[in-house]
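Structural characterization, general
Next come the chains, spelled out residue by residue.
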Amino acid sequence: MTKKKIKAGSNTIALNKRARHEYFIEDEIEAGLSLQGWEVKSMRAGKANISDSYVIFNAGEAYLFGATIQPLSVASTHIVCDPTRTRKLLLSKRELESLFGKSNRDGYTIVALSLYWKGPWAKIKIGLAKGKKLHDKREDIKDREWKLTKERIMKNARLG
């Protein structure tokens, strides 16, 4: 499951766990989101998913594409709620130019890593990513399993 349920007191709305498995994350940047009122209410209820989302550029602006925010059943009737709407990212001009330049290099893309609250504002952490090959993913899994095995051995050594 790529979405983390929000807990009491937690600032995290949604996580993209698959991103770190599928990509090498070179750089991380925090960006604001331009949202509508119903989207903020839905995010407070934890109805957001960023597992398949990435950043696209259009006319010198950055947009979050593929993020899903499910509308609440009590949403207003006079507003059309589009769950997969392309949302504008709020970045400084320097950050935009830097990301645009880096993402135009070979094999780089910009993916959403996590969606969270920072005070009253919704923020999204995006990462400059390069795709992993199958052997890289296998190596990561092998390292993770060895780490768990090592911890088990150390725990048994302390107990025994």
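The numbering scheme is per chain: residues are counted from 1 as the chain's sequence reads. A pLDDT threshold of at least 70 governs which residues receive local features in this predicted model, and a stricter bar of 80 or more applies before side-chain atom pairs are shown or counted, although totals over entire chains, interfaces and linings include all residues. Water and hydrogen atoms play no part in the side-chain values, which are based on all heavy atoms of the structure.

Threshold: UniProt positions are given in the numbering used here, feature names are shortened, and annotations may be inferred rather than shown by experiment.
The chain has the name SsrA-binding protein in an unreviewed UniProt entry, where [Haemophilus] felis is given as its organism. Looking at the Subcellular location (unreviewed entry) heading of the UniProt record, one finds this comment for the chain: "Cytoplasm". Under the heading Sequence similarities (unreviewed entry), UniProt records this for the chain: "Belongs to the SmpB family."

1. A few points about the overall build of the chain
The test is simple: Only runs of H or I of at least four residues qualify as helices and only runs of E of at least two qualify as strands under DSSP, and these elements are numbered from the N terminus. Each residue is assigned to one of three classes by its accessible area relative to the maximum for its type, calculated with a 1.4 Å probe on protein chains only: buried under 20%, partly exposed between the two thresholds, exposed over 50%. Should any heavy atoms of two residues lie within 4.5 Å, those residues are counted as being in contact. A residue counts as positive if it is Lys or Arg and as negative if it is Asp or Glu; His and the chain ends are not included. Charged side chains are reduced to one point each, which is NZ for Lys, CZ for Arg, CG for Asp and CD for Glu.
Regarding its fold elements, the chain presents 4 helices and 9 strands. Element order for the chain, N to C, with α for helix and β for strand: β-α-β-α-β-β-β-β-β-α-β-β-α. Projected onto its principal axes, the C-alpha coordinates of the chain cover approximately 65 × 40 × 25 Å. Here the chain holds 160 residues, and 30% of them are scored as buried. Here the analysis covers contacts within the chain between residues at least 6 apart in sequence; of these, 66% occur between residues at least 24 apart. Charge-centre separation for the chain: the mean point of 32 positive side chains lies 7 Å from the mean point of 18 negative side chains.

2. What about the nonpolar core?
One recurring pattern in soluble globular proteins: nonpolar side chains tend to sit buried together. Let me state the cut-off plainly: As used here, the term nonpolar core means buried Ala, Val, Leu, Ile, Met, Phe, Trp, Tyr and Cys residues forming a set that is joined through side-chain atoms within 4.5 Å.
Counting 27 residues, the largest nonpolar core has M43, L89, L91, L115, I124 and I126 as the members making the most contacts within it. The set of elements that each furnish at least two residues to this core consists of strand 1 (12–15), strand 2 (23–33), helix 2 (37–44), strand 5 (61–65), helix 3 (93–103), strand 8 (108–118) and strand 9 (121–131). Those residues in contact with L115 that sit more than four places away from it in its chain are N11, T12, I13, A14, L33, M43, A48, I50, K123 and I124.

3. With respect to the environment of S92
Tracing the sequence through the fold places S92 in the loop between strand 7 (87–90) and helix 3. Sequence-wise, S92 and A31 are 61 residues apart; in three dimensions their C-alpha atoms are separated by 8.9 Å.

4. Focus: helix 3
Rules: Directions pointing from the helix axis toward each C-beta atom define the arc.
When helix 3 is considered as a whole, its buried residues turn out to be L96, L99 and S103. Looking straight down helix 3, one finds its buried side chains confined to an arc of 70°; they lie on one side. Along helix 3, the residues that are exposed and aim more than 90 degrees away from the buried face are K93, R94 and E97. Packed against the buried residues of helix 3 are strand 2, strand 4 (54–58), strand 5, strand 8 and strand 9.

5. Some details on helix 2
Among the residues of helix 2, W38, E39, S42 and M43 are the ones counted as buried. One face of helix 2 carries all of its buried residues, which in axial projection span an arc of 135°. Set apart from the buried face of helix 2 by more than 90 degrees, the exposed residues are G37 and K41. Against strand 1, strand 3 (48–49), strand 6 (68–69), strand 7, strand 8 and strand 9 lie the buried residues of helix 2. Positioned one or two residues after helix 2, G46 has a phi angle of 80°, which is positive.

6. Re a nonpolar patch on the surface
Stated precisely, the cut-off is as follows: Residues enter a patch when their relative accessible area is above 30% and they make no salt bridge; the linking distance is 9 Å between like charges and 5 Å between nonpolar side chains (Val, Leu, Ile, Met, Phe, Trp, Tyr). For the accessible areas, the method is Shrake-Rupley and the probe is 1.4 Å, while residue cover comes only from the protein chains on display. Any Lys or Arg side-chain nitrogen located within 4 Å of an Asp or Glu carboxyl oxygen qualifies as a salt bridge.
Taken together, the side chains of Y54, I56 and F65 define a hydrophobic patch exposed on the protein surface, amounting to about 230 Å² of accessible area. By secondary structure assignment, the location of F65 is in strand 5.

7. Looking at the pairing of strand 9
On any regular strand, side chains alternate: one points to one face of the sheet, the next to the other face. Heads up, the condition is: A pair of strands counts as paired when DSSP detects no fewer than two bridges linking them.
Where strand 2 lies against strand 9, 9 bridges are found, and the strand directions are antiparallel. Bridge assignment links D27 to a residue of strand 9, and that residue is L128. Here strand 8 folds back onto strand 9, and the loop between the two strands holds 2 residues, one of which, G119, carries a positive phi near 70°.

8. Thoughts on the packing of aromatic side chains
Heads up, the rule is: Put simply, two rings from Phe, Tyr or Trp (the six-membered ring, in Trp's case) pair if the centres are within 6.5 Å, and we call them stacked under 30 degrees between planes, edge-to-face over 60, tilted for the rest. We count a charge as sitting over a ring when the NZ of a lysine or the CZ of an arginine lies within 6 Å of the ring centre and within 35 degrees of the ring normal.
One pass over the full model with this rule turns up 2 aromatic pairs. Centre to centre, the rings of F57 and F100 are 5.2 Å apart; their planes meet at 80°, and the pair counts as edge-to-face. With F57 in strand 4 and F100 in helix 3, this residue pair connects regions lying 43 residues apart in the sequence. According to the relative accessible area criterion, F100 is partly exposed, its value standing at 41%. Directly above the aromatic system of W117 lies the positively charged group of R44, at a separation of 3.9 Å from the ring centroid. Taking the ring centre of Y108 as reference, the NZ or CZ of K130 above it sits at 4.9 Å.

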